[in-house]
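# A closer look at the structure
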Amino acid sequence: MIRSMTGFGLSKSLKKDSEVFIEIKGVNHRFLEVSIKPNDLGNELDQYIRNSITKSVNRGKVDVRVKLKSAAQTNYIIDTFLIKKLENTLKKNTSLENKISFSDIKDVPGIFNAEVIHKLNISTVKKEFNIALKDFLDSRSKEGIKIKKTLKKKILKSESLIKNISNSCNKNLKKRISLFKSKVSKFTQNYDESRINQEITLLALKQDVSEELDRILFHINSLKKEINKKDCSGKKIDFILQEFFREANTLTVKLDDPSMMNKAIDVKILIEEMREQTQNVE
């Protein structure tokens, strides 16, 4: 099954005291790269998100954006040790006898602190992330179906062109041998017919492209098998297309008939179009 590296997933939860918004985007990349923003979600959530993506995705650049709003609780902390230290210091250096009041210490660094704690429901965040991840994976699969349909059309068109070239080449080989014989017979009189036939056949075979056509058909069949696999690989498809293009290029060079050359060029164009599509295959 072909899956695209391009995808999008979204999930959000709105409650009275909290809000969770998760967005996942994916684009093509040589390897798997996961980016999570913000990066201060805590180790448990960060590892959960990364592990879930790693289990589900083989390749691509995946960006996860998390927005959280939750009820806040404020705790006030007074450092009694520093207060006593301040009192002792004042007694030693001043004649103050009155006790220190709150207004005296509230602005002294380190003595009075306010700590804001956000109550974050981790299970809710995980639940919404899983919904967004499923949405993301589904979108990649849907995009993969579109890519598969496009590749199938281009493969069938390429196969049709190659078979057409193959049939034309078989007919032209016999015509070429006959043509060479008629040309030679005009300029020679006493000649060894068997020797001439041998040389003409060798000359005609130099332009034979049956080997290239066989290899091209092999690559076409390999493509068909790969795109129908459950664990289809974009890297393997790209490699097959590289080899396919190399053989198609050789074929174009060896052909001498303009109409067949144009068909071979059309095959090369189709291969390039397929390679563009494959850039998004996981």
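Below or above, wherever it landed, is the structure these notes cover. Just so it is clear, the structure is predicted and the values come from calculations on it, not from any experiment.

Let us look at the overall build of the protein chain. When helices and strands are counted, the protein chain shows eight helices and six strands. By residue count, 31% of the 282 residues in the protein chain fall in the buried class. Partitioning the contacts of the protein chain with sequence separation of at least 6, the portion at a separation of at least 24 is 80%. Summing over all exposed atoms, the protein chain offers an accessible surface of approximately 18200 Å²; the carbon and sulfur share of this is 52%.

Taking every second residue as pointing to the same face, the buried face of strand β1 (residues 7-14) carries Gly7, Gly9, Ser11 and Ser13, while none of Phe8, Leu10, Lys12 and Leu14 on the other face is buried. In the sheet, β1 pairs with strand β2 (residues 18-27) via eight bridges, with the strands oriented antiparallel. Among the inter-strand pairings, glycine 7 is bridged to a residue of β2, identified as glycine 26.

Turning our eyes to something else, we now look at a positive patch on the surface. On the surface, Lys37, Arg65, Lys67 and Lys69 cluster together to form a positively charged patch. Tallying contributions element by element places strand β4 (residues 60-70) first for the positive patch, with three residues. Summarising the element assignment, lysine 69 is placed in strand β4.

Given a rise of 1.5 Å per residue, 21 residues ought to cover 30 Å, and the 31 Å separating the end C-alpha atoms of helix α7 (residues 234-254) matches this to within 8%. Inspection of α7 places Gly234, Ile237, Asp238, Ile240, Leu241, Phe244, Glu247, Ala248, Leu251 and Thr252 among the buried residues, and these make up the whole buried set. Where α7 begins, the capping side chain belongs to serine 233, and its oxygen is found 3.4 Å from the backbone nitrogen of lysine 235.

Let's shift gears to the packing of helix α6 (residues 210-227) against α7. Interhelical geometry of α6 versus α7 gives an angle of 160° and a closest axis separation of 9 Å. Between α6 and α7, the angle is such that the two are roughly antiparallel. The element α6 and its partner α7 pack so that their crossing is left-handed. Facing Glu212, Leu213, Arg215, Ile216, His219, Ile220, Ser222, Leu223, Glu226 and Ile227 of α6, the residues of α7 in contact are Lys236, Ile237, Ile240, Leu241, Glu243, Phe244, Glu247, Ala248, Thr250, Leu251 and Lys254. Grouping the constituent residues of the contact of α6 with α7 by class yields eleven nonpolar, three polar and seven charged.

Strand-to-strand pairing in sheets goes through backbone hydrogen bonds, with the strands running parallel or antiparallel. As summarised here, the arrangement of the four strands in space is β1-β2-β4-β3, forming an open sheet in which the pairing is mixed. Every other strand in the sheet has two partners, leaving β1 and β3 (32-37) as the edge strands with one partner each. Sheet twist, expressed as the mean angle between neighbouring strand axes with direction ignored, is 10°. The strands touched by helix α1 (residues 43-56) are β3 and β4; relative to β3, the strand with the most contacts, the crossing angle is about 150°.

Time to look at the packing of aromatic side chains. The relation between two aromatic rings is expressed through the spacing of the ring centres and the mutual angle of the planes. In total, this model carries one aromatic pair according to the counting rule given. Judged by centre distance (6.2 Å) and plane angle (70°), the ring pair of tyrosine 48 and phenylalanine 129 falls under edge-to-face. One end of the pair, tyrosine 48, is in helix α1; the other, phenylalanine 129, is in helix α4 (residues 122-187), and 81 residues separate them in sequence. Taking relative accessible area as the criterion, tyrosine 48 reaches 26% and is therefore assigned partly exposed. On the basis of relative accessibility, which here comes to 1%, the residue phenylalanine 129 falls in the buried class. One cation-aromatic arrangement involves lysine 126 over tyrosine 48; the distance from NZ or CZ to the ring centre is 4.9 Å.

Under the defined criterion, the tally for this structure stands at 18 salt bridges. Across the pair glutamate 159 and lysine 163 runs a salt bridge, and its minimum N-O distance is 3.8 Å. Taken as a pair, glutamate 159 and lysine 163 lie in helix α4 at a separation of four residues, close to a single helical turn. Among the residues examined, glutamate 159 registers a relative accessible area of 11% and is labelled buried. Here glutamate 211 makes a salt bridge to arginine 215, at a shortest N to O gap of 2.7 Å. Here the residue glutamate 211 and the residue arginine 215 both occupy positions in helix α6, the gap between them amounting to four residues, near one helical turn.

Put simply, α7 and helix α8 (residues 258-278) touch, their axes get as near as 9 Å, and they point 165° apart. In terms of orientation, α7 lies roughly antiparallel with respect to α8. Relative to α8, α7 is oriented so that their crossing is left-handed. In this structure, α7 contributes Gly234, Ile237, Asp238, Leu241, Gln242, Phe244, Phe245, Ala248, Asn249, Leu251 and Thr252 to the contact, and α8 contributes Met261, Ala264, Ile265, Val267, Lys268, Ile271, Glu272, Met274, Arg275 and Thr278. Of the residues in the contact of α7 with α8, the class split is twelve nonpolar, five polar and four charged.

So, how was this worked out
- Residues numbered from 1 in each chain as written.
- Predicted model: local features only at pLDDT ≥ 70, side-chain atom pairs only at ≥ 80, totals over all residues.
- Heavy atoms only, no water.
- Helix = DSSP H or I, 4+ residues; strand = E, 2+ residues; numbered from the N terminus.
- Buried < 20%, exposed > 50% of the residue type's maximum accessible area, 1.4 Å probe, protein only.
- Contact = heavy atoms within 4.5 Å.
- Areas by Shrake-Rupley, 256 points an atom, 1.4 Å probe, with all protein chains shown as cover.
- Pairing = 2+ DSSP bridges.
- Patch = residues over 30% accessible without salt bridge, like charges linked within 9 Å, V, L, I, M, F, W, Y side chains within 5 Å.
- Salt bridge = Lys/Arg side-chain N within 4 Å of Asp/Glu carboxyl O.
- Lys, Arg positive; Asp, Glu negative; His and termini not counted.
- Charge placed at Lys NZ, Arg CZ, Asp CG, Glu CD.
- Expected span 1.5 Å × (residues − 1).
- Polar contact = N/O pair within 3.5 Å; in protein donor to acceptor, adjacent residues only side chain to side chain.
- Axes fitted to C-alpha atoms, helices over the stretch in contact; angles between N-to-C directions.
- Parallel < 35°, antiparallel > 145°, perpendicular 65-115°, else oblique.
- Left-handed = near helix turned anticlockwise from the far one by under 90°.
- Nonpolar A, V, L, I, M, F, W, Y, C, P; charged D, E, K, R; others polar.
- Phe/Tyr/Trp six-rings, centres within 6.5 Å; stacked < 30°, edge-to-face > 60°.
- Lys NZ or Arg CZ within 6 Å of the ring centre and 35° of its normal.

Note that every value here comes from positions in space, so none of it alone points to a role or purpose.
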